[in-house]
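What follows is each chain in one-letter form.
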Amino acid sequence: MTTTLKLQPAIAIDSDKFFQICQQNPELIIEENAQGELLIMSPTGGETGRKNAELIADFIIWNRKHKLGFVFDSSTCFQLPQGGRRSPDIAWIKKEHWLDLSTEERAKFPPICPDFVLELLSPSETLTATQTKMEEYLASGLRLGWLIDPQNQQVEVYRSNQPKEALVKSNQLLGENILLNFILEIDWLWE
């Protein structure tokens with residue numbers, strides 16, 4: 001479940017204030033959408049957490065082998081260039097893009113859109129809200145994104161400057177020219 005706090009125009013929260021709010025409330029999962037609304041989300045349940053851990057392991061193994069960038073978990077919040085502060089379930093940033101950030105920028109909530117994100121829809125999230133989140137990533141420079149919906153056995157693939165593609169009960173996803181030589185086996189998600 002997500003609780004939305006509409007603060008603007010009464011209260012504007014800059015990057016430092018948002019960082020402080022998150023630091024003072026570490027038990028909360030907090031994001032901000034492009035409209036400036038704070039989103040307070042509940043933690044995931046056991047099945048979603050297990051599936052997300054399995055997925056991130058595949059990314060880490062691939063990334064250690066190819067060393068093309070950096071993998072981030074769902075605890076990482078990114079300040080998106082077109083507005084919003086979002087924490088994707090899995091994110092990947094090309095090495096050159098990450099190293100372009102200053103040490104200070106990397107230490108807080110990085111002001112960058114990941115090159116790749118994966119969102120695993122949990123029972124406490126709505127498809128519409130997560131699709132909106134994916135659109136925010138695209139508007140901020142996302143190159144490839146996967147929205148995986150285990151309940152409906154569907155994956156939505158988001159690519160920059162292309163229409164969204166829906167895959168039903170796909171067995172694998174390809175990293176294309178973003179995650180080179182990456183193949184994610186996902187048939188186990190549909191069991």
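For clarity, every value in this text was computed on a predicted model and none was experimentally measured.

Student: Sorry if this is basic, but what is going on with the overall build of the chain here?
Tutor: Across its full length, the chain carries five helices and 13 strands. In terms of C-alpha radius of gyration, the chain reaches 16 Å, essentially the compact-globule figure of 16 Å for 191 residues. Considering only C-alpha atoms, the chain reaches an extent of 45 × 35 × 30 Å along its principal axes. Residues classed as buried in the chain amount to 44% of the 191 residues present. Sequence-distant contacts in the chain: of pairs separated by 6 or more residues, those separated by 24 or more amount to 56%. For the chain, the computed accessible surface area is about 10100 Å², with 51% contributed by carbon and sulfur atoms. Distance between charge centroids for the chain: 3 Å, based on 18 positive and 27 negative side chains.

Student: I'm lost on the nonpolar core in this one. Help?
Tutor: F59, F116, L118, W146, I148, L179 and L184 are the most contacted members of the largest nonpolar core, which totals 22 residues. Mapped by element, the contributors of at least two residues to this core are α2 (46–66), β7 (90–94), β8 (116–120), β9 (144–149) and β10 (154–159). No other element matches α2, which puts four residues into this core. Counting 16 residues, the second-largest nonpolar core is a separate cluster that includes A91, I112, M134 and L147.

Student: What is the right way to look at the sheet that holds strand β11 (residues 165–168) in this model?
Tutor: Within a beta sheet, neighbouring strands are joined by backbone hydrogen bonds and run either parallel or antiparallel to one another. If you walk across this open sheet you meet the six strands as β4-β7-β8-β9-β10-β11, and the pairing is mixed. Here the strands that pair on one side only, and so sit at the sheet edges, are β4 (69–72) and β11. In this sheet, neighbouring strand axes are inclined to one another by 15° on average, regardless of whether the strands run parallel or antiparallel. Pairing of β9 with β10, which is carried by six bridges, proceeds in the antiparallel orientation.

Student: Sorry, what's going on with the side chain of T130 here?
Tutor: Within the fold, T130 resides in helix α5 (residues 127–139). For T130, a relative accessible area of 5% puts it in the buried group. In this structure T130 touches E119, L121, E125 and L147, once residues within four positions along its chain are discounted.

Student: What exactly am I supposed to notice about α2 here?
Tutor: The periodicity of an α-helix, 3.6 residues per turn, causes residues three or four positions apart to be oriented the same way. If you check α2, its first and last C-alpha atoms are 31 Å apart, about what 21 residues at 1.5 Å a residue would give, namely 30 Å. Residues of α2 that are buried: T48, K51, N52, L55, I56, F59, W62 and N63. When α2 is viewed along its axis, its buried side chains cluster within an angular range of 130° and face the same direction. Facing away from the buried surface of α2 by more than 90 degrees, the exposed residues are G46, I61, R64 and K65. Buried residues along α2 sit in contact with β4, β7, β8, β9 and β13 (183–185). Looking one or two places after α2, you find K67, whose phi comes out positive at around 50°.

Cut-offs used in this document
Residues numbered from 1 in each chain as written. Predicted model: local features only at pLDDT ≥ 70, side-chain atom pairs only at ≥ 80, totals over all residues. Heavy atoms only, no water. Helix = DSSP H or I, 4+ residues; strand = E, 2+ residues; numbered from the N terminus. Rg over C-alpha atoms; globule rule 2.2 N^0.38 Å. Buried < 20%, exposed > 50% of the residue type's maximum accessible area, 1.4 Å probe, protein only. Contact = heavy atoms within 4.5 Å. Areas by Shrake-Rupley, 256 points an atom, 1.4 Å probe, with all protein chains shown as cover. Lys, Arg positive; Asp, Glu negative; His and termini not counted. Charge placed at Lys NZ, Arg CZ, Asp CG, Glu CD. Core = buried A, V, L, I, M, F, W, Y, C linked by side-chain atoms within 4.5 Å. Pairing = 2+ DSSP bridges. Axes fitted to C-alpha atoms, helices over the stretch in contact; angles between N-to-C directions. Expected span 1.5 Å × (residues − 1). Arc of directions from axis to C-beta.

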